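Below are the chains, spelled out letter by letter.
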Amino acid sequence: MTMRALGSGPMQFILAALIILLPLLGGPYAVHLATLIAAYWTLIAGLNLVVGFTGQLSVGHVGLLAVGAYMFAILTARNIVGPEVALVLAGVTGGLCGLLLGLPSLRLPGFYFAMTTLAFTIIVVELAVALTDVTGGGTGVMVSAFSPPMDTQRGQYLFTAGIAGVVTLMTVLVTRSMWGRAMVSVRESEVMAASVGIPGYRVKLAVFTFSGVVAGVAGALFGALQTYITPDTFAFDLSLFFFICIIIGGKGSIIGPFIGTVVLTLLPEAVSPLAKYSHLFYGVLLLAVVLLIPGGLGALIDGPRAAKANDASPGGGLESHLAQARQAFGLGRPRDDLAAAAAGQSMTQSIASTRTLDGLDASQHSPGGSAMRTKSHGSAASLRLPHPVAAGGSLEAVGVSRSFDAVKALQDVSLTAQRGTVHGLIGPNGSGKTTLLNILSGYYAVDSGSVMLDGHNITRSPANWRPRHGIGRTFQTPRVIPELTVLDNVMAGGWSEAQATFVEALVSGPRAIRDERKLRGTALALLSGLGLRALAERPANAMTHAELRFVEIARALMHSPGFILLDEPASGLTDTEIDRLGEVIGALRRQGVGVLLVEHHTDLVFGASDVVTTLNFGRVIRTGTPDEVRADPEVRRVYLGE
Amino acid sequence: MCIWESKLSGGSPLLEIVDLHVAYGRLEVVHGISLTVEPGAFTVLLGRNGAGKTTTLRAVSGLIRKRAGVVRFGGADITRASPAAILRDGLVQVLDGHRVFASLTVDDNLQVSIFGSGQSRDAATIDSIYQSFPELEERRWQPAARLSGGQQQILAVAQGLVAKPRLLILDEPSAGLAPLVVDRILKLAKSLTEQGTAILLVEQFVKKALAYADHCYIMDHGSLVGAGRPDQLQESGIIHRVYLGGEPDTATAQI
Amino acid sequence: MLSVILSGIALGAIYSSVAMVYNLTYATSRVLSITAGFTFMIGGVLGAYFIDIAKLQPIVGFLATLVAGALLGLAIEFVAVRRVLERSDQHLWLLSTLAFSTIIQQVVALTWGTEPRRFPRLFKQDFGGLLDQKYWLPIGAVLLVAAMLELFLRRTIIGKLFVAVSDDTQAAVARGIPVNAVRAASYALAGTVGSLTGFAAGQLTFAYFALGFMLTLNGFIALAIGGLGSTAGALTGGLLLGLLTAFATHFFGGAFQNSISTGLLIILLLARPQGLFGVRAARMV
């Protein structure tokens, strides 16, 4: 992860100071360019949180830049306040505009949001032309300089670069906090973010407002550098430029977009005869990056490590380390692992094909899997929830019905899951299992009926409310953030345990530091309990499918849920791993967690469950003990078509 | 394992799958399936949800990529062939979930299927379909969205038939349908085998499917766990074990 | 007042045509291409170039513009859409079509210039005023295109293939329908529609490089009003937006024209994200 690759401690500051001082060695032109870069970067650093980290494609930040620049120019020109106060007010105005723009638009899907930000820019520029009395209309307005000593060229540069440095530091700090993990979660999957209690809209709004503040400040810095601004200064092309710097730099990176900003600002200056082609060049570059290296420059910088982990070539240092870690976990190398294919592929294949021709029964375990079975230590016994779960109580669906168009997915379904028990939910494809799970976790609304938690009606509470009140879940296909470490992925589940506000995270306040320490400890304890401790610092995209399943469970356990809803957790797992899953489910049950287990793997369901409910065509056909359900003629008819 | 039966006839198989592996991203879900379908045979592929049946079928038809393995159809290697080429070769698949083109009329559904299969779009092709399925002709000018689930499934099968299949793959044709319609579709499939079209069927109504099948395969966890004639499989108790777990008791061995 | 209404309708026709371009490409690829307004802009610029500078007969220039529009559509599909759709990353198409749009815009700016240029008169017409060709040409062209489009989708086999791919792409593949070719054809058709109406409206809009982004935005607002996916919605949405813009200009002056239409977009999306006539899609996990 680039935010870690930046290095840490004093080295970073020395490096940053050197970068800031370097342009002072050059002439006035160099200093001018460096000031321009610093002003641009101030905006881009904030926009990067919106685009690169939170995944919201804003193409309209030039509008916010213009707001800041005009605010600064007007306030100082009329001597209403001094330039430094005006700078602050420019930031406040930018933030307000960001908030007002974000309030409606951040609820919308990607393209709609992008179009709304484009619309905002057009409004701002049009108003700048139309409101002649205030803005000077098409002829523009003078912008005053800052007070001494920032009124000299070098003073102005150092002031601008200093602000850019502070903003950069803030973005580094916030991306390393719980808010940073929340931002990346929202980018990767809002559904996943909600499943751990992250309020996606609030996170997006906080980030977008912050980007508005720094865009406003950047506008003042930019205006002061230009000394004269007209509406033409804020052409839409400039917005594209900001946007392209980030995309080229790469998502989830800070150093990448910074390099992008420096290079793309200098390039047209360095080859000035070609300057008129610069926007064409940006367009071509954007297209090339999107088509060829969607990860951007950041991915290239970070690339070797992640690529190696993905490659998983046998014999590599990382690979053998992972193998050791996996031995400790007691997981066999699953059949889906690429590495397995790489080594003795032809041999395995010939074995596999002979296997299908004779005894099919005994050969279900991969070689690694059966070897591991003897090494399994049953360390799930040491799995402890961060906080004890209150005893008793239930999660209920009461007479729930739900249709999608003409399809009646659920009809009058009732189900009661008790804390401290395992409740299996089975049924053929399309019988409504996942629909019911999505209703219990708040992703679907009911047409009629209600959802009750410990006797309280929670039918209308949103998806991200439920994890914060003790209902966790996992997904059919594990949803993790590939480029974050396993530890960060698990810590992302701790949203409701963290207390620091966005502003505290920006400045790494005491509560933010305390949050980090606490979440880290909790996550490591959970990983140890699941036998995954040794993999904590590895990127999630190097993990096997089975490991990701357990990482997801660890993430859901971060907020000590009273109920956990597991959606087909055994699919894609080997028999050994399914045994392991059974142990984990048992450990949770012993600690008082209510487990709702949607699963096709009948051995696991009937073995682990206290109660099993069978659905067919959206109706409950039988609820009872595993033995009762298995012997039920109706269940047998559904499953076997008798 | 007693239930493995060598090939039914001595002739070369129509469809031959050898050690097929299929993966979604890094997750392999089909781990080396090998099976054959004889010309004109009624073959059934069983297994519970998530066993990898649909994935196998889609890989065979070229709708998803194969990680490894070979698929031969009529003796020719079609492992890397495009879905359209496979279809025009006579290997036709009817997807699960009665997937018809909802906003097109019944007639247009058939027209675009004829176009896709490369058959000539003359009146005779369509008329022969309407002769076989009078209920479709009645609703010829209605949008497919307004048909019942059963009618949509029949339309989906008819869309497959216009391609003049040598092998028709039916993926859970009964899903979400009333039992009477299921019988209708299974009978239709049986009559097709009598006219020389082989059938490969995935079906959740195990008992009904076995009643029609010549040969049967069972999948679990992405691998084959059994194969043989329906009566052999019923005796072995493997079906019960796969679907409901645990060891079969004497009562269930009769399934 | 009549002139306000007429120019509103003409403006509405322009917005409607861009909305139809969006619809065509969205149907077969589920991509809202930023290039929508740019096919229109290219129609005006190329028309002016072919007739005024290359001195082609208007009819020849018209046909050449259509061919160029179709080729542009094919290029968009091949470069900016096809490869991106193969990836799972959801909004990559937004970036690739944005990049392609920027390239189109910059090429036009560098070769044609950044000032609006006059579009030639297509017919001899002695009288001006309300019956001037600059009004009825775009209105007529858009109505004609809308009617042809509906006929095409309902009556021709290619049109039906468009609908089939739009309904269920995977089932279309299983039926042997050449989905890639159908998608490319829909982009070519979208490019033709855009350049045709851009040509027809040239006397009203002038041949101007900056039209692209403006129309991509306003065409989208028309869609947001009328709802995605229907020709009737595109016509209604465009008409309403055109009239609103015309009246706003009449009462408040042209200075706030875009602020009013885009402000409307923001209010509308806040109130009804699915559009006035659209259907709310079921939310799926």
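Because the structure is predicted, anything quoted here is derived from the model rather than measured. (Residues numbered from 1 in each chain as written. Chains lettered and ligands numbered in written order. Predicted model: local features only at pLDDT ≥ 70, side-chain atom pairs only at ≥ 80, totals over all residues.)

## Details of the overall build of chain B
Looking only at helices and strands, chain B features 10 helices and 10 strands. In terms of overall size, chain B behaves like a compact globule, its C-alpha atoms giving a radius of gyration of 18 Å where 255 residues would be expected to give roughly 18 Å. In terms of overall dimensions, chain B has a C-alpha envelope of 55 × 40 × 40 Å along the principal axes. Every one of the 255 residues in chain B was classed for burial, and the buried ones make up 54%. Partitioning the intrachain contacts of chain B with sequence separation of at least 6 by distance along the chain shows that 67% fall at a separation of at least 24. (Helix = DSSP H or I, 4+ residues; strand = E, 2+ residues; numbered from the N terminus. Rg over C-alpha atoms; globule rule 2.2 N^0.38 Å. Buried ≥ 20, exposed ≤ 12 C-beta atoms within 10 Å, placed from the backbone. Contact = placed C-beta atoms within 7 Å.)

## Considering the interface of chain A and chain C
Between chain A and chain C, the residue contacts involve 36 residues of the former and 33 residues of the latter. For the side of chain A that touches chain C, the secondary-structure elements that each account for two or more residues are helix 5 (83-105), helix 6 (110-130), helix 12 (236-249) and helix 14 (278-292) of chain A. Among the elements that line the side of chain A that touches chain C, the one with the most residues is helix 6 of chain A, at 14 residues. Among the residues making up the side of chain A that touches chain C, the classes are represented as 28 nonpolar, six polar and two charged. (Nonpolar A, V, L, I, M, F, W, Y, C, P; charged D, E, K, R; others polar.)

## Thoughts on the sheet that holds strand 4 (residues 407-418) of chain A
Strands pair in a sheet through their backbones, by hydrogen bonds, and they do so in one of two ways: parallel or antiparallel. All names here are of chain A. Strand order across the open sheet formed by four strands is 4-3-6-7, with antiparallel pairing between neighbours. With partners counted over all chains shown, the strands left at the sheet margins are strand 4 and strand 7 (456-457), one partner each. Where strand 6 (residues 448-453) meets strand 7, two bridges bridge the pair, whose relative direction is antiparallel. Looking at the pairing, Met452 lines up with Asn457 of strand 7. Across the sheet, helix 20 (residues 433-440) is in contact with strand 3 (394-404), strand 4 and strand 6; its angle to strand 3 comes to roughly 120 degrees. (Pairing = 2+ DSSP bridges. Axes fitted to C-alpha atoms, helices over the stretch in contact; angles between N-to-C directions.)

## What about helix 3 (residues 106-117) of chain B?
For an α-helix, 3.6 residues make a turn, and residues three or four places apart therefore share a direction. Over its 12 residues, helix 3 of chain B runs 17 Å from end to end, which matches the ideal 16 Å to within 8%, given 1.5 Å per residue. Among the 12 residues in helix 3 of chain B, 11 count as buried, and that is most of the element. Among the residues making up helix 3 of chain B, those that are buried are Val106, Asp108, Asn109, Leu110, Gln111, Val112, Ser113, Ile114, Phe115, Gly116 and Ser117 of chain B. The secondary structure elements touched by the buried residues of helix 3 of chain B are helix 2 (83-88), helix 4 (123-132), helix 5 (134-138) and helix 6 (149-161) of chain B together with helix 6 (157-167) of chain C. (Expected span 1.5 Å × (residues − 1).)

## A few points about the environment of Tyr444 of chain A
You can see Tyr444 of chain A is positioned in the loop between helix 20 and strand 6. When neighbours within four sequence positions are excluded, Tyr444 of chain A is seen to be in contact with Arg402, Thr435, Asn438 and Ile439 of chain A.

## A word on the confidence of the model for chain C
All names here are of chain C. When pLDDT is averaged across chain C, the result is 89; 94% of the residues are at 70 or more. For chain C, per-element mean pLDDT is lowest for helix 12 (residues 257-271), which scores 78, and highest for helix 8 (residues 179-200), which scores 96. Under a pLDDT of 50 for its full length, residues 278-285 has, in the predicted model, eight contacts with residues more than four places off or in other chains. Of the two predicted TM-score estimates for the complex, the pTM is 0.85 and the ipTM is 0.90. (pLDDT = per-residue confidence, 0-100.)

## Here's the deal with the sheet that holds strand 10 (residues 223-228) of chain B
All names here are of chain B. Within the open sheet, the six strands sit side by side as 6-7-8-3-9-10. Their pairing is mixed. Because the sheet does not close on itself, it has two edges, and the strands there are strand 6 (91-94) and strand 10. Strand after strand, the sheet turns through a mean of 20 degrees between neighbouring axes, direction not considered. Direction of pairing for strand 7 (residues 167-171) relative to strand 8 (residues 198-202): parallel, over a ladder of five bridges. Note on strand 8: the bridge partner recorded for Leu170 is Leu201. Of the strands in this sheet, strand 3 (42-46), strand 7 and strand 8 touch helix 7 (residues 179-194), which is tilted by about 155 degrees from strand 8.

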